[in-house]
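# Residue-level structure breakdown
Chain residues, written in single-letter form:
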Amino acid sequence: MALLSTLPSLACLLLLAMALRPSSGGGSHDYGEALSKSILFFEGQRSGQLPADQRLKWRGDSGLSDGAEAGFGFPMAFTATMLAWSVVEFGGIMPPEDLRHSLTALRWATDYLLKTIAHPDRVYVQVGDPLKDHNCWERPEDMDTPRTVYSVTPDRPGSEVAGETAAALAAASMAFREADATYAERLLRGATTTFEFADSYKGAYSDDTGLKAGVCPFYCDFDGYQDELLWSAAWLRRASANVSFLSYIQNNGKTLGADDNINEFGWDNKHAGINVLISKEFLEGEVLWLQSYKQSADSFMCTLVPESSSPHIEFTPGGLIYKPGGSNMQHVTSIAFLLLAYADYLARSSRTVDCGGVAVDPSSLRRLAKQQVDYLLGDNPMGMSYMVGYGESYPQRIHHRGSSLPAKADRPEQIGCKEGSPYFNSQAPNPNILVGAVVGGPGEDDAYGDDRPDFRKSEPTTYINAPLVGVLAYFAANPS
Ligand SMILES: *[C@@H]1O[C@H](CO)[C@@H](O)[C@H](O)[C@H]1NC(C)=O
């Protein structure tokens with residue numbers, strides 16, 4: 001008994017020792033290489049006709065009649081917002097080639113989003129039947145499940161998806177301002193009308209039975225549409241400098257949950273991001289009533305940094321930010337992004353985070369972000385990189401159809417819905433390397449089984465990579 005009960009603690013000690021082992025530290029990772037790869041990943045996710053300069057050659061044209069692979073508009077719009085925010089904050093320090101590729105990836109998403117808002121009083125939110133689609137293991141190039149189209153309208157509103165689309169277009173208009181001013185203007189106009197639509201017809205798509213059947217359970221919005229209205233208003237304010245959006249925030253912030261102090265940030269819940277974004281305006285403009293946004297942003301940071309005595313969010317024994325529910329790396333990359341963006345806003349205005357009287361420096365936020373990225377890239381108990389194609393050891397059996405099925409060039413004939421199952425169940429490594437894909441990552445015990453069916457851990461998503469682009473751009477330019 002005694003021996004048995006000491007075993008788990010031995011295992012813990014071992015893990016702890018591994019976690020505490022001096023990280024190979026400053027400059028051990030090639031952040032520039034990881035940055036280029038994190039952007040390359042988006043080429044593997046393309047739907048439609050591929051351009052001649054497509055670099056991931058094993059992909060082919062797909063979904064030509066609709067334009068978005070399993071086009072779930074809501075998380076896709078969030079991906080676009082975060083990719084745009086990455087460029088807005090860190091594009092200036094990216095190597096020119098990486099900036100160019102980031103904008104290409106962003107435009108792939110915003111061209112699609114512009115199509116979804118091309119009809120007045122309607123936003124298309126999804127193409128494809130998610131249940132039938134999830135029931136098949138098929139290459140995107142072979143996709144033959146129904147391409148059902150879903151939209152939100154004044155009668156069947158969806159302010160969260162319309163709001164996120166507006167936020168994405170507004171953020172993207174800033175990202176494109178220098179490279180393509182005409183396109184940037186078009187994006188901003190689209191953002192404005194889509195925001196008005198989202199705000200005029202308030203409602204949640206998850207509440208509409210027809211849409212619910214289409215979008216839930218995979219991408220249900222559980223947290224309401226209020227945060228997306230505030231988020232898109234904040235982006236429109238920043239992109240347009242139009243004071244009417246500031247008034248909107250002032251008049252509606254309370255009803256939209258601004259004071260609720262919700263420490264979440266991801267495709268479903270934008271609150272911590274809203275607080276960081278609006279804090280910038282407070283820090284730079286000293287608009288006094290905005291101070292509460294800095295207080296909320298501070299309180300979020302205090303749940304993360306070691307200097308603070310506030311209750312902390314969960315970390316794995318190896319030191320990774322951990323939230324239950326699967327696809328944990330999405331939280332890691334989104335939070336790392338907020339840490340770095342907020343650190344920059346604070347540093348530029350010579351301010352600190354206030355954690356109950358303890359002042360926390362921007363450098364502390366950056367240190368935590370770096371520790372998270374270093375874990376992701378290989379400084380972890382498994383000793384593996386969670387980015388495919390980076391480092392010595394990385395996931396071989398990711399939950400990704402195109403990557404796990406033979407390339408079209410090797411097997412041109414159709415592989416039907418159920419014919420893909422043997423590839424899904426196989427123990428063999430994926431034949432096509434989806435370079436730059438970051439998987440959901442290890443569980444709360446730092447363990448990773450590299451198991452294709454275990455989608456919570458082994459699936460890569462665009463909203464994991466989008467904020468990581470900005471984070472890696474920062475560390476590529478500031479490696480230590
Ligand atoms: C500011 O935005 C509002 C709402 O979209 C619009 O009516 C107004 O014309 C805009 N003002 C300027 C100066 O662009």
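Each remark here, short or long, concerns the structure printed above.
This text gives an overview of the structure that appears in the document. Keep in mind the model is a prediction, meaning the values are calculated, not measured.

About the thresholds
Residues numbered from 1 in each chain as written. Predicted model: local features only at pLDDT ≥ 70, side-chain atom pairs only at ≥ 80, totals over all residues. Heavy atoms only, no water. Helix = DSSP H or I, 4+ residues; strand = E, 2+ residues; numbered from the N terminus. Buried < 20%, exposed > 50% of the residue type's maximum accessible area, 1.4 Å probe, protein only. Contact = heavy atoms within 4.5 Å. Areas by Shrake-Rupley, 256 points an atom, 1.4 Å probe, with all protein chains shown as cover. Disulfide = S-S within 2.5 Å. Near = heavy atom within 4 Å. Polar contact = N/O pair within 3.5 Å; in protein donor to acceptor, adjacent residues only side chain to side chain. Nonpolar A, V, L, I, M, F, W, Y, C, P; charged D, E, K, R; others polar. Axes fitted to C-alpha atoms, helices over the stretch in contact; angles between N-to-C directions. Parallel < 35°, antiparallel > 145°, perpendicular 65-115°, else oblique. Left-handed = near helix turned anticlockwise from the far one by under 90°. Pairing = 2+ DSSP bridges. Core = buried A, V, L, I, M, F, W, Y, C linked by side-chain atoms within 4.5 Å. Expected span 1.5 Å × (residues − 1).

### Re the overall build of the protein chain
Counting its regular elements, the protein chain contains 18 helices and four strands. When the 480 residues of the protein chain are sorted by exposure, 59% land in the buried category. Expressed as a percentage of contacts within the protein chain between residues at least 6 apart in sequence, the contacts between residues at least 24 apart total 74%. When the accessible surface of the protein chain is summed, it comes to about 19,000 Å², and 55% of that surface belongs to carbon and sulfur atoms.

### Focus: the state of the cysteines
Summed over the entire model, instances satisfying the criterion amount to two disulfides. In this model Cys136 forms its disulfide with Cys417; the gap between the sulfur atoms is 2.1 Å. Looking along the S-S bond of the Cys136-Cys417 disulfide, the torsion reads about -100°, which is the left-handed sense. Residue Cys136 is located in the loop between α5 (130–134) and β2 (149–152), and its partner Cys417 is located in the loop between α15 (401–404) and α16 (421–425); the two are separated by 281 residues in the primary sequence. According to the relative accessible area criterion, Cys417 is partly exposed, its value standing at 22%. One disulfide bridge connects Cys302 with Cys355, the sulfur atoms lying 2.1 Å from each other. With the S-S bond torsion at -95°, the cross-link from Cys302 to Cys355 turns out left-handed. One end of the pair, Cys302, is in helix α12 (residues 291–302); the other, Cys355, is in strand β3 (residues 353–355), with 53 residues separating them in the sequence. Summarising the burial analysis for this pair, Cys302 and Cys355 share the class buried.

### Focus on the site of the ligand
Lining the immediate surroundings of the ligand are Thr192, Glu196, Asn242 and Ser244. Glu196 has a polar side-chain atom sitting 3.2 Å from an oxygen atom of the ligand. In the environment of the ligand, an oxygen atom lies 3.1 Å from a nitrogen or oxygen atom belonging to the side chain of Ser244. When isolated, the ligand has an accessible area of 370 Å², and the protein chains bury 32% of it. By residue class, the composition of the shell around the ligand is no nonpolar, three polar and one charged.

### A look at the side chain of Thr153
You can see Thr153 is positioned in the loop between β2 and α6 (159–176). Assessed through its relative accessible area of 13%, Thr153 is described here as buried. Not counting residues within four places of it along the chain, the set of residues in contact with Thr153 comprises Asp121, Arg122 and Phe197.

### Digging into the packing of α6 against helix α7 (residues 181–200)
Packing of α6 against α7 brings their axes to within 8 Å, and their N-to-C directions diverge by 160°. Of the possible angle classes, the one that applies to α6 and α7 is roughly antiparallel. Relative to α7, the crossing made by α6 is left-handed. Here α6 contributes Ser159, Ala162, Gly163, Thr165, Ala166, Leu169, Ala170, Ala172, Ser173 and Phe176 to the contact with α7, which in turn contributes Ala181, Tyr183, Ala184, Leu187, Leu188, Gly190, Ala191, Thr194, Phe195, Phe197 and Ala198.

### Description of the pairing of strand β1 (residues 123–127)
Counted residue by residue, β1 has four buried out of five residues, so it is predominantly covered. The pairing of β1 with β2 spans four bridges and is classified as antiparallel. The residue of β2 that forms the bridge with Tyr124 is Ser151.

### A look at the nonpolar core
With 137 residues, the main nonpolar core has Trp85, Met301 and Tyr342 as its most contacted residues. Those residues in contact with Met301, other than ones at most four positions away along the chain, are Val276, Leu338, Leu339, Tyr342, Val353 and Leu365.

### Structural notes on helix α2 (residues 31–44)
The terminal C-alpha atoms of α2, which comprises 14 residues, lie 21 Å apart, in line with the 20 Å expected from a rise of 1.5 Å per residue. Among the 14 residues of α2, eleven are classified as buried, and the element is accordingly described as predominantly covered. For α2, every residue scored as buried is listed here: Tyr31, Ala34, Leu35, Lys37, Ser38, Ile39, Leu40, Phe41, Phe42, Glu43 and Gly44. Buried residues in α2 make contact with α3 (73–90), α4 (96–116), α14 (362–377) and α18 (462–477).

So, to be careful, I would describe these as geometric facts and stop short of saying anything about function.
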